[in-house]
Amino acid sequence: MDLLKPKYSRKITITFWVLIYLGIYLLIYKKLGLNWDIVGIIVNLIFIFLLQFVFMTRDYQRQFFVSLSFVAGKELIKYVTSVLYYLVSGMTGDVVMKMILSVEGITMARVNVLSNIYLFLLNMISVAVYVLIFYMYLKMLGKKFVYKDYETSVIENVFLIFPCVTALCISVTLRLLILQANNGMITLVYETIPAVSFWVIIICILLLGSIIATIMLFQYLIQHKYGISHF
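Here's a quick rundown of the structure. (Residues numbered from 1 in each chain as written. Predicted model: local features only at pLDDT ≥ 70, side-chain atom pairs only at ≥ 80, totals over all residues. Heavy atoms only, no water.)

1. A look at the environment of Leu207
You can see Leu207 is positioned in helix α6 (residues 195-226). When its relative accessible area of 10% is taken as the criterion, Leu207 is described as buried. Separated by 37 residues in the primary sequence, Leu207 and Ile170 place their C-alpha atoms 9.0 Å from one another. Not counting residues within four places of it along the chain, the set of residues in contact with Leu207 comprises Leu76, Ala167 and Ile170. (Helix = DSSP H or I, 4+ residues; strand = E, 2+ residues; numbered from the N terminus. Buried < 20%, exposed > 50% of the residue type's maximum accessible area, 1.4 Å probe, protein only. Contact = heavy atoms within 4.5 Å.)

2. Comments concerning a nonpolar patch on the surface
A cluster of nonpolar residues, Val113, Ile117, Phe120, Leu121, Met124, Val127 and Val131, forms a patch on the protein surface that exposes about 630 Å² of accessible area. Summarising the element assignment, Phe120 is placed in helix α4 (residues 108-144). (Patch = residues over 30% accessible without salt bridge, like charges linked within 9 Å, V, L, I, M, F, W, Y side chains within 5 Å. Areas by Shrake-Rupley, 256 points an atom, 1.4 Å probe, with all protein chains shown as cover. Salt bridge = Lys/Arg side-chain N within 4 Å of Asp/Glu carboxyl O.)

3. A closer look at the packing of aromatic side chains
Throughout the structure, instances matching the rule amount to 8 aromatic pairs. Centre to centre, the rings of Phe70 and Phe134 are 5.1 Å apart; their planes meet at 65°, and the pair counts as edge-to-face. Of this pair, Phe70 sits in helix α3 (residues 60-101) while Phe134 sits in helix α4, and the two are 64 residues apart along the sequence. Like Phe134, Phe70 is buried. On the basis of an interplanar angle of 15° and a centroid distance of 6.3 Å, the ring pair of Phe134 and Tyr137 is categorised as stacked. Taken together, the positions of Phe134 and Tyr137, both in helix α4 and 3 residues apart, correspond to about one turn of that helix. Taken as a pair, Phe134 and Tyr137 share a single burial class, namely buried. Within the aromatic cluster, the residues linked to one another by ring pairs are Phe65, Phe145, Phe159 and Phe218. (Phe/Tyr/Trp six-rings, centres within 6.5 Å; stacked < 30°, edge-to-face > 60°.)

4. Let's talk about the packing of α3 against α4
Direction vectors running N to C along α3 and α4 enclose 150°, while the axes themselves pass 9 Å from each other. Overall, the two elements α3 and α4 adopt an arrangement that is roughly antiparallel. Like other packed secondary-structure pairs, α3 and α4 cross with a definite hand, here right-handed. Classifying every residue of the contact of α3 with α4 gives 20 nonpolar, 9 polar and 2 charged. (Axes fitted to C-alpha atoms, helices over the stretch in contact; angles between N-to-C directions. Parallel < 35°, antiparallel > 145°, perpendicular 65-115°, else oblique. Left-handed = near helix turned anticlockwise from the far one by under 90°. Nonpolar A, V, L, I, M, F, W, Y, C, P; charged D, E, K, R; others polar.)

So, in structure tokens, the structure goes:
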């Protein structure tokens, strides 16, 4: 948001952007099952670009970079939080169930209610972590992109979007590796190779870092090109 100039006031733009995006995501992506598929990524990119066209002043090269960096960050952070959810639920699930079942005279209906409350809280924490990391990522992009009025050339824009495209390609590859089909059942590779969960988080963090590092390097090159005394 900080990299683009809104057509309307900032509060109105953010409010309508969030409402429209969440509404479309819930009604279309979830319903059509596009959120994990490469088709979902393409639809997401197109939709983000259209939102920018409606709410932001025209700057196609900058908008293309913002769209790619937004979707790339969203996909990578989704993997990080999903792995953390899997790890936390695996470590706490049995403990919570033992505590619930240890209650004297508890009924099965009560067990189901408490189990659902536990899962709800776990999901809410997962969503909160996702939103926090995504917010920090977007703020970092805006903060590190110092020279916001600089008009990038086509080559410079390719330099900026290259890590985003790489991140999206690896994101699709991770999806293919993580989800495995065994005898008609979809299983997670974490269940057979626990070390994969650690490397998925590391890979995603490094890819997010590469996007931010590319922006920092680009800003340094602008500074060096025009002889700016401070960064």
